[in-house]
Amino acid sequence: MSPFESAWALVKMPTFTAYHGGGKLEGQARHPMFFTTDERGADWYAGERGDWMNTVDLTINNPANLDIVEQIARELNRPDDLVREQDNPFDWLYDEVIRNRLKEMGYDGVSDWDVLTNFSIPTHVPLDESQYQITDQRKVYNT
């Protein structure tokens, strides 16, 4: 490996710190799992949905974006009830058929922007539980 290739491999390291606000992560995880690199956004979500802030080391090597997810959903003629109900394209990822198709196409996650109440956060969804390791968990106390 050349010096350039070695340096580029370090720059492209796919493992990063991310947060999951909501319930405490333990036991068998449900999929999809949503993470963000925006700690403020995860903290907001924790206050809305379970009062736990989970910090993880997350690895996603080849993420799809929401345009690809929607294209797959349309090609597979998947029902869009969940997406229409919340008006959130990330909800396509609750469909196991879509997640499996992403894996077949070589993707190991989805990364794009998600809208919260009045701001957007970068959101990352791994397609396998082995892609994240919990590094910290804390109770969030909202007043």
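Residues numbered from 1 in each chain as written. Predicted model: local features only at pLDDT ≥ 70, side-chain atom pairs only at ≥ 80, totals over all residues. Heavy atoms only, no water.

It is worth spelling out the overall build of the protein at this point. Secondary structure summary: the protein contains five helices and seven strands in total. N-terminal to C-terminal, the α/β element order of the protein is α-β-β-α-β-β-α-α-α-β-β-β. Counting all 143 residues of the protein, 40% fall into the buried class. Look at the contacts in the protein between residues 6 or more apart in sequence, and 70% of them connect residues 24 or more apart. Roughly 8600 Å² of accessible area belongs to the protein as shown, and the carbon and sulfur atoms make up 48% of that amount. (Helix = DSSP H or I, 4+ residues; strand = E, 2+ residues; numbered from the N terminus. Buried < 20%, exposed > 50% of the residue type's maximum accessible area, 1.4 Å probe, protein only. Contact = heavy atoms within 4.5 Å. Areas by Shrake-Rupley, 256 points an atom, 1.4 Å probe, with all protein chains shown as cover.)

Further remarks concern unusual backbone geometry. The backbone of Asp 51 shows a phi angle near 65 degrees, a positive value even though the residue is not glycine. The backbone of Asn 77 sits at a positive phi, close to 55 degrees, despite the residue not being glycine. Tracing the chain through its elements places Asn 77 in the loop between α3 (66-75) and α4 (81-86). Residue class for Asn 77 comes out exposed when judged on its relative accessible area of 66%.

On to the layout of surface pockets. Considering only enclosed or pocket space, the largest pocket measures out at about 940 Å³ in volume. In this structure, the largest pocket is lined by 43 residues; those nearest its centre are Phe 34, Tyr 45, Arg 49, Tyr 94 and Asp 114. At the level of secondary structure, the elements contributing two or more residues to the lining of the largest pocket comprise β1 (15-22), β2 (35-36), α2 (39-48), α4, β5 (109-115), β6 (120-126) and β7 (132-139). Counting residues per element, the lining of the largest pocket draws most heavily on α2, which supplies five residues. Across the lining of the largest pocket, the residue classes tally to 20 nonpolar, 13 polar and ten charged. (1 Å grid on protein atoms, 1.4 Å probe; cavity = no way out; pocket = protein on both sides within 12 Å on 5 of 7 lines; lining within 4 Å. Points joined across faces, edges and corners; volume = space filled by probe spheres on them. Nonpolar A, V, L, I, M, F, W, Y, C, P; charged D, E, K, R; others polar.)

Moving on, we get to the confidence of the model for the protein. The predicted coordinates of low-pLDDT regions are not to be read in fine detail. When pLDDT is averaged along the protein, the result is 87, and 87% of the positions lie at 70 or above. Mean pLDDT across the elements of the protein bottoms out in helix α1 (residues 3-11) (47) and peaks in helix α5 (residues 96-104) (97). (pLDDT = per-residue confidence, 0-100.)

Quick look at the environment of Thr 36 now. Considering the arrangement of structural elements, one finds Thr 36 in strand β2. Leave out the neighbours within four places in its chain, and Thr 36 touches Ala 18, Tyr 19, Ala 42, Ile 121, Pro 122 and His 124. A polar side-chain atom of Thr 36 sits 3.0 Å from the main-chain amide nitrogen of Asp 38. (Polar contact = N/O pair within 3.5 Å; in protein donor to acceptor, adjacent residues only side chain to side chain.)

Take the pairing of β5 next. Of the strand pairs in this sheet, strand β4 (residues 63-64) and β5 are connected by two bridges, and their pairing is parallel. If you follow Pro 63 over to β5, its bridge partner there is Gly 109. Note: β5 against β6, seven bridges, orientation antiparallel. Within β6, the position partnered with Ser 111 by the bridge is His 124. Between the antiparallel neighbours β5 and β6 lie four residues. (Pairing = 2+ DSSP bridges.)

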